[in-house]
Amino acid sequence: DMAMVDVSASATNDVDCAVCLAPIRLGTKTPCGHLYHNKCLQRWLGSTLLRGDAHGSCPMCRRPVPHTALAEIDTICKLQLTRRMLDSVREYMVE
């Protein structure tokens, strides 16, 4: 499966992003199973487009990642933002 996967804090278990080396609380899992911050992976894949590569690659293992992944990561970012906003509203309503 070549789809990117939305990853929340509970699934990262103190994993660091291989691009910026900071802990991941929200991010994206590549098809090969590596975890990254959304923005870090977007920048990495975007740089491959600028170089004219036929496809992106995983920063860890260099397995091919389709350029459609950029749109998938954007969708994941929006879903994560919506989830955080809903969680904040729920917390506010409980107080």
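Preceding this paragraph is the structure being described.
Given the structure is predicted, the values throughout are model-derived calculations rather than measurements.

A. The arrangement of the overall build of the protein chain in detail. Broken down by element type, the protein chain carries 3 helices and 5 strands. For the protein chain, the sequential pattern of α-helices and β-strands runs β-α-β-β-α-β-β-α. Looking at the protein chain as a whole, 28% of its 95 residues are labelled buried. At a minimum sequence separation of 6, the contacts of the protein chain that also span at least 24 residues come to 41%.

B. Expanded view of the nonpolar core. Counting residues in each nonpolar core, the largest one holds 13 residues, and the members touching the most others are Cys17, Tyr36, Leu41, Leu45, Val65 and Ile73. Among the secondary structure elements, those contributing two or more residues to this core are strand 3 (35-36), helix 2 (38-51) and helix 3 (69-94). Non-local contacts of leucine 45, meaning those with residues more than four positions away in its chain, are made with Gly56, Ser57, Val65, His67, Ala69, Leu70 and Ile73.

C. Quick peek at helix 3. Its 26 residues place the ends of helix 3 37 Å apart at the C-alpha level, agreeing with the 38 Å of an ideal helix rising 1.5 Å per residue. If you check which residues of helix 3 are buried, you get Ala69, Ile73, Ile76, Cys77 and Gln80.

D. Quick peek at the pattern of salt bridges. Here the structure, examined in full by the defined rule, presents 2 salt bridges. For aspartate 74, the salt bridge goes to lysine 78, with nearest N and O atoms at 3.2 Å. In this pair, aspartate 74 and lysine 78 both sit in helix 3, 4 residues apart, roughly one turn of the helix.

E. The arrangement of helix 2 in detail. Taking 1.5 Å per residue as the helical rise, helix 2 with its 14 residues ought to reach 20 Å, and the 20 Å between its terminal C-alpha atoms agrees with that figure. Among the residues of helix 2, those classed as buried are Asn38, Cys40, Leu41, Gln42, Leu45 and Thr48. For helix 2, the elements touching its buried residues are strand 2 (27-29), strand 3, strand 4 (56-57), strand 5 (64-65) and helix 3. Following helix 2 by one or two positions, glycine 52 adopts a phi angle in the positive range, close to 85°.

F. Expanded view of unusual backbone geometry. Residue leucine 21 is not a glycine yet carries a positive backbone phi of 70°. Here leucine 21 shows up in the loop between helix 1 (9-12) and strand 2. Notably, arginine 62 is not glycine yet its phi reads approximately 65°, a positive angle. Considering the arrangement of structural elements, one finds arginine 62 in the loop between strand 4 and strand 5.

G. Representation of the packing of helix 2 against helix 3. For the pair helix 2 and helix 3, the least separation of the axes is 10 Å and the interaxial angle reads 160°. Judged by the inter-axis angle, helix 2 sits roughly antiparallel to helix 3. Taken as a pair, helix 2 and helix 3 cross one another with a handedness that is left-handed. Along the contact surface, helix 2 presents Asn38, Leu41, Gln42, Leu45, Gly46 and Leu49, while helix 3 presents Ala69, Leu70, Ile73, Asp74, Ile76, Cys77 and Gln80.

About the criteria used
Residues numbered from 1 in each chain as written. Predicted model: local features only at pLDDT ≥ 70, side-chain atom pairs only at ≥ 80, totals over all residues. Heavy atoms only, no water. Helix = DSSP H or I, 4+ residues; strand = E, 2+ residues; numbered from the N terminus. Buried < 20%, exposed > 50% of the residue type's maximum accessible area, 1.4 Å probe, protein only. Contact = heavy atoms within 4.5 Å. Core = buried A, V, L, I, M, F, W, Y, C linked by side-chain atoms within 4.5 Å. Expected span 1.5 Å × (residues − 1). Salt bridge = Lys/Arg side-chain N within 4 Å of Asp/Glu carboxyl O. Axes fitted to C-alpha atoms, helices over the stretch in contact; angles between N-to-C directions. Parallel < 35°, antiparallel > 145°, perpendicular 65-115°, else oblique. Left-handed = near helix turned anticlockwise from the far one by under 90°.

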